[in-house]
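Chain by chain, the residues run as shown.
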Amino acid sequence: LAVEEQFYVVLPALIRIVRPTHLPKVLLACVLAAPFLRTGLVFACGDLLASSALLPGHLDTLCGGALLAWLTRQTHLGPRRFRRSGSRRSRRRQV
């Protein structure tokens, strides 16, 4: 299976097993562990291709994306928090 397909098999199981309060911590741990896993794959297999073809080599980008998706789904951390309170046009009309 391709890396993305492996991820789509593993991620739902991970979400099901891990408590919702611990999920961002687990995803962040995967992001931080990925460079070490890639290095370990290179030393274990002796081939750079293994680190780019296997799932542990892509955990930082895949779990990072899942972590960003989790963050945007949180009501107190969602996109509304980062929006401006009003556009320039609406502020001009108020003045």
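Look up a bit, the structure's there.
Quick caveat: nothing in here was measured; it's all calculated off a predicted structure.

Turning to the overall build of the chain, a few remarks are in order. Within the chain, the regular secondary structure consists of six helices and zero strands. Along the chain direction, N to C, the helices and strands of the chain fall in the order α-α-α-α-α-α. Expressed as a percentage of its 95 residues, the buried residues of the chain come to 23%. With the model as given, the accessible surface of the chain reaches about 7500 Å², and the carbon-plus-sulfur share is 63%.

This part is about the nonpolar core. Formed by 14 residues in total, the largest nonpolar core has its most connected members in Phe 7, Leu 11, Leu 27, Leu 55, Leu 62, Cys 63 and Ala 66. Looking at this core, the elements that each hand over two or more residues are α1 (3-17), α2 (23-45) and α4 (59-73). Counting residues per element, this core draws most heavily on α4, at five residues. When residues no more than four places from it in sequence are discounted, the contact partners of Ala 66 are Phe 7, Leu 11 and Leu 27.

Here we come to α4. Between the first and last C-alpha of α4 there are 21 Å, a value that for 15 residues agrees with the 21 Å anticipated at 1.5 Å per step. Regarding α4, the residues found buried are Leu 59, Leu 62, Cys 63, Gly 64, Ala 66 and Leu 67.

A few words now on the packing of α2 against α4. Following both chains from N to C, one finds α2 and α4 inclined at 160°, their axes separated by 8 Å at the closest point. In this view, α2 runs roughly antiparallel relative to α4, as classed from their interaxial angle. Of the two elements, α2 crosses α4, and the hand of that crossing is left-handed. Along its contact with α2, which presents Leu 23, Pro 24, Leu 27, Leu 28, Cys 30, Val 31, Ala 34, Leu 37 and Arg 38, the element α4 presents Leu 59, Asp 60, Cys 63, Gly 64, Ala 66, Leu 67 and Trp 70.

This brings us to the pattern of salt bridges. When charged atoms on two side chains of opposite charge get close, those side chains can pair. All told, the structure shown has one salt bridge when counted by the stated rule. The shortest N-O distance in the salt bridge between Asp 60 and Arg 38 comes to 3.0 Å. Separated by 22 residues along the polypeptide, Asp 60 in helix α4 and Arg 38 in helix α2 bring together distant segments of the chain.

Rules used in this analysis
- Residues numbered from 1 in each chain as written.
- Predicted model: local features only at pLDDT ≥ 70, side-chain atom pairs only at ≥ 80, totals over all residues.
- Heavy atoms only, no water.
- Helix = DSSP H or I, 4+ residues; strand = E, 2+ residues; numbered from the N terminus.
- Buried < 20%, exposed > 50% of the residue type's maximum accessible area, 1.4 Å probe, protein only.
- Areas by Shrake-Rupley, 256 points an atom, 1.4 Å probe, with all protein chains shown as cover.
- Core = buried A, V, L, I, M, F, W, Y, C linked by side-chain atoms within 4.5 Å.
- Contact = heavy atoms within 4.5 Å.
- Expected span 1.5 Å × (residues − 1).
- Axes fitted to C-alpha atoms, helices over the stretch in contact; angles between N-to-C directions.
- Parallel < 35°, antiparallel > 145°, perpendicular 65-115°, else oblique.
- Left-handed = near helix turned anticlockwise from the far one by under 90°.
- Salt bridge = Lys/Arg side-chain N within 4 Å of Asp/Glu carboxyl O.

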